[in-house]
Amino acid sequence: MKLAYAIPAAGIAALTSAYASAETITIATVNNNDMVIMQELSDRFEEEHPDIELDWVVLEENVLRQRVTNDIATEGGQFDVMTIGTYEAPMWGERGWLEPLDDLPEDYQVDDLIKPVRDGLSHDGVLQALPFYAESSMMYYRTDLFEEHGIEMPDQPTWSEVRDWAEQLHDPDNDLAGICLRGKPGWGENMAFVSTLVNTFGGRWFDEDWNPELNSEEWQTAIEFYVELLGEYGPPGASSNGFNENQALFSSGKCAMWVDATSAAGRIYNPDESSVADDLGFAPAPVAETPKGSHWLWSWALAIPATSESKEAAKTFITWATSQEYVELVGEEEGWTSVPPGTRESTYANEKYQEAAPFADFVLNAIREADPTDSTLEPNPYLGVQFVGIPEFQSIGTQVGQQIAAALTGDRSVEDALNAVQRSVERDMERAGYLD
Amino acid sequence: MSAVQTKRPWVGVLAWVIALIIFFPILWMVLTGFKTEADAIASPSLFFTPTLESYVEVQGRADYPKHAFNSITISLASTLLALLIAIPSAYAMAFLPTKRTKATLLWMLSTKMLPPVGVLMPIYLLSRDLGLLDTRTGLTIVYTMMNLPIVVWMLYTFFKDLPRDILEAGRMDGANTFQEVTLLLLPLSMPGIASTGLLSIILSWNEAFWSLNLTASKAAPLTAYIASFSSPEGLFWAKLSAASTMAIAPILIFGWMTQKQMVRGLTFGAVK
């Protein structure tokens, strides 16, 4: 039992030293590289602001989302700063759950934030959260393999070209897949990619009266194309690969092409984490019928829940963590490829960043051109490129994602899968009151 | 035992194989904690250069003593509380049963069949209104309720196996109910109570659903500490393994020290 006494004693000592007189703000955040760097550098913030103490709650993305949603919907008030995305910010802002960020200090330079990102985090033109980093999607490919096969990458690849290349490059005997794409079901996993594919094939989730269009011709064509492409030229077990799995496959040289988040660029371009860093090519996300909505827009952002009792201190922190000075601090301390990308025009104007990150222009263009207010060929009633900004979408998106994964594994035909989800989404939308 | 061993050596071999299979994931976790992140995702290998890199990083990123303190207080307090409630109720059911006792016991167990997420919202709202969110008290109460059915059931089976004559003899000698319980029942069933308590401590220690949902930072136990190292992107296996090793170390040592009581308790009354 001696051990059992020793540990509480150490714990009490640690506790009493941690709770000094300063105002403590509790920050809920996701566990990814950028956020870990923020946590490490936050010592600087605490030095500059001795009256503010930071308390961190770091969680995996899905757990975090559930956790903060519960808390904000029930006004639990456990957090002073929450990490949320472009999906949540406008919806929560509309419900008055977030502190509107309309009186930011002048030196914060709000206009420096890249416009689509700012729009994606606003409700009625008022920012609801400050972007910590933002991403779009783009294509990564292996320049060595493309050269070997005499393929030249055009400025804007099309999906039919991509299929031809995948066919040429696919070499399962040597553990090389022609293309890697997301297959793991989930609204933030396969559906993020599939939605952009449907967009560029000319489809949309809902018409202007909220009638689902999931078994439309465009969806059929897009999903059949996806199932054939990934089924024939994808890695084995593609239906269980999400972002992380594909990143591991691509960076260990097992994929010739990969279409996914721009935020992966820094890591697969880093020779410590990737064996293909020297042969890495970048291209915009491929298009089909229309360039609209062919690449997504996502941002992790810091918001202050309306229930927080330390709003001023929280605001001081989030303006620090999303400022230009912070970007420079990361650049100097951690190296320029590690700076949080996609949020500020000034980051991309910085020569040091351009030099360190040859993919910078692709990322900036992709983000600038992603328009969450106009993401499909035909007009739609929703906000979002790779998602539909309504609370029901998490469940709808995941449900559709599961059926598409079933079509990918061959458990059911594309037609059956799409007809089934069309019926169930119609029912969901009726029940939620969107349809008569 | 030695006669059995010489006659059937395969029993021993089989026991070792099963033990190794059960132990292997834990061993792998401990090994992974000493690898670099790159080694951790490389092809599985037993040979690598051990490093403390992950431990250093894990230490830098989260406050281990705080989480460990929370885990220890919450699991001990909830176990004591559960025993305090369960001993009288198990006593009543074992020695003074009514015709509804069996049904009550079954009903108690049936509450364990409900997935916890089904009552997440009510419990969350109750905790919020009572000011128990992110407090050790709140989590202690939830864990007590969570383990109570199992604790009552186990104690009930232990108590039932006690010869009633001894208690009756005590009563004849003039012992009141309180003395009967404290002087006869408790000492006689100590192995059972000890193993029940140990099981309850382990269950509370490992519980992750409520601890993740009801705590933020102040009362977060070690399960929340482990969860903070899981990540949807980037490499994290070595750090996660290092954090997990540190989180299970106290309970593993505790379990190892109390092994004798546990085994004695669990097999108590099994051979009759």
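Residues numbered from 1 in each chain as written. Chains lettered and ligands numbered in written order. Predicted model: local features only at pLDDT ≥ 70, side-chain atom pairs only at ≥ 80, totals over all residues. Heavy atoms only, no water.

What the UniProt record of chain B gives under Subcellular location (unreviewed entry) is the line "Cell membrane". Per UniProt, chain B has the following entry under Sequence similarities (unreviewed entry): "Belongs to the binding-protein-dependent transport system permease family. MalFG subfamily." (UniProt positions renumbered as here; feature names shortened; annotations may be inferred.)

Chain A is annotated in an unreviewed UniProt entry as Sorbitol-binding protein /mannitol-binding protein of Aidingimonas halophila. A UniProt comment under Subcellular location (unreviewed entry) is attached to chain A, and it reads "Periplasm". What UniProt states about chain A under its Sequence similarities (unreviewed entry) heading is, verbatim, "Belongs to the bacterial solute-binding protein 1 family."

Asker: Please explain the overall build of chain A as it appears in this structure.
Answerer: For chain A, the helix and strand inventory stands at 18 helices and 10 strands. When the backbone C-alpha atoms are referred to their principal axes, chain A occupies close to 65 × 55 × 55 Å. Expressed as a percentage of its 436 residues, the buried residues of chain A come to 58%. Considering only contacts in chain A between residues 6 or more positions apart, those separated by 24 or more positions represent 74%. If you sum the accessible surface of chain A, you get close to 17200 Å²; carbon and sulfur atoms cover 43% of it. Charge centroids of chain A, computed over 24 positive and 78 negative side chains, lie 5 Å from each other. (Helix = DSSP H or I, 4+ residues; strand = E, 2+ residues; numbered from the N terminus. Buried < 20%, exposed > 50% of the residue type's maximum accessible area, 1.4 Å probe, protein only. Contact = heavy atoms within 4.5 Å. Areas by Shrake-Rupley, 256 points an atom, 1.4 Å probe, with all protein chains shown as cover. Lys, Arg positive; Asp, Glu negative; His and termini not counted. Charge placed at Lys NZ, Arg CZ, Asp CG, Glu CD.)

Asker: Quick question: what am I supposed to make of the packing of helix α10 (residues 177-188) of chain B against helix α11 (residues 190-206) of chain B here?
Answerer: Between two packed helices, the angle of one axis relative to the other and the distance separating the axes together describe the packing. Residue and element names in this part refer to chain B. Two elements in contact, α10 and α11, have axes whose closest approach is 4 Å; the angle formed by their N-to-C orientations is 70°. One element, α10, and the other, α11, form an angle in the roughly perpendicular class. Here L186, P187 and L188 of α10 lie close against α11, whose contacting residues are M190, P191 and I193. Here the contact of α10 with α11 is built from residues that sort into six nonpolar, no polar and no charged. (Axes fitted to C-alpha atoms, helices over the stretch in contact; angles between N-to-C directions. Parallel < 35°, antiparallel > 145°, perpendicular 65-115°, else oblique. Nonpolar A, V, L, I, M, F, W, Y, C, P; charged D, E, K, R; others polar.)

Asker: Help me understand the sheet that holds strand β3 (residues 81-85) of chain A, please; the structure alone is not making it clear to me.
Answerer: In sheet architecture, strand pairing relies on hydrogen bonds along the backbone and comes in two forms, parallel and antiparallel. Residue and element names in this part refer to chain A. The strand order β2-β1-β3-β10-β6 describes an open sheet built from five strands, whose pairing is mixed. In the strand order of this sheet, the two ends are held by β2 (52-59) and β6 (130-135), each with one partner. Strand-to-strand, the axes of this sheet are offset by a mean angle of 20°, without reference to chain direction. Across the sheet, helix α2 (residues 33-48) touches β1 (23-30), β2, β3, β6 and β10 (298-303), and the angle it forms with β2 is around 170°. Most of the contacts of helix α3 (residues 61-73) go to β1, to which it runs at about 130°, and overall it touches β1, β2, β3 and β10. (Pairing = 2+ DSSP bridges.)

Asker: Can you walk me through the domain arrangement of chain A in this structure?
Answerer: Accessible area lost upon the coming together of the parts is a frequently used measure of interface size. All names here are of chain A. Taken domain by domain, chain A holds domain 1 (21-135 + 298-357) and domain 2 (137-295 + 373-431). Put simply, the middle of domain 1 and the middle of domain 2, counted by C-alpha atoms, are 28 Å apart. Taken residue by residue, the interface counts 11 residues in domain 1 and 16 residues in domain 2. Summed over both sides, the interface of domain 1 with domain 2 buries roughly 1200 Å², with 62% coming from carbon and sulfur. Counting across the domain 1 and domain 2 interface gives zero salt bridges. Where the side of domain 1 that touches domain 2 is concerned, the elements lending two or more residues are α4 (88-94) and β6. In the side of domain 1 that touches domain 2, the residues fall into six nonpolar, two polar and three charged. (Domains from an automatic or database assignment. Buried area = accessible area lost by both parts, 1.4 Å probe. Salt bridge = Lys/Arg side-chain N within 4 Å of Asp/Glu carboxyl O.)

Asker: I'm lost on the packing of helix α5 (residues 64-95) of chain B against α10 of chain B in this one. Help?
Answerer: Residues and elements named next belong to chain B. At a closest axis distance of 12 Å, the pairing of α5 and α10 adopts a crossing angle of 90°. Put simply, α5 runs roughly perpendicular to α10. Between α5 and α10, the contacting residues are I87, Y91 and F95 on the first element and T177, E180, V181, L185 and L186 on the second. Considering only residue class, the contact of α5 with α10 consists of six nonpolar, one polar and one charged.

Asker: Just checking my understanding: could you explain the environment of T307 of chain A for this structure?
Answerer: All names here are of chain A. Positionally, T307 belongs in the loop between β10 and α12 (311-321). In sequence terms T307 and Q78 are 229 residues apart; their C-alpha atoms lie 8.5 Å from each other. If we ignore the near neighbours within four places in the chain, the residues touching T307 are E75 and G77.

Asker: Sorry if this is basic, but what is going on with the pattern of salt bridges here?
Answerer: Where charged atoms from two side chains of opposite charge come close, those side chains can pair. All names here are of chain A. Summed over the entire model, instances satisfying the criterion amount to 21 salt bridges over all chains. Between R142 and D144 there is a salt bridge, with its nearest N and O atoms 3.1 Å apart. Judged by its relative accessible area of 10%, R142 falls in the buried class. In this structure, the salt-bridge partner of R368 is E345, at a minimum N-O distance of 2.7 Å. Residue R368 is found in helix α16 (residues 360-369), and its partner E345 is found in helix α14 (residues 345-349); the two are separated by 23 residues along the sequence. With relative accessibility at 42%, the residue R368 sits in the partly exposed group. Taken together, the shared-partner salt bridges in this structure form one network comprising E61, R65 and E88.

Asker: How should the environment of A94 of chain B be read in this particular structure?
Answerer: All names here are of chain B. Within the secondary structure layout, A94 lies in helix α5. For the pair A94 and L162, spaced 68 residues apart in sequence, the C-alpha separation works out to 9.5 Å. When residues no more than four places from it in sequence are discounted, the contact partners of A94 are Y156, F159, K160 and R164.

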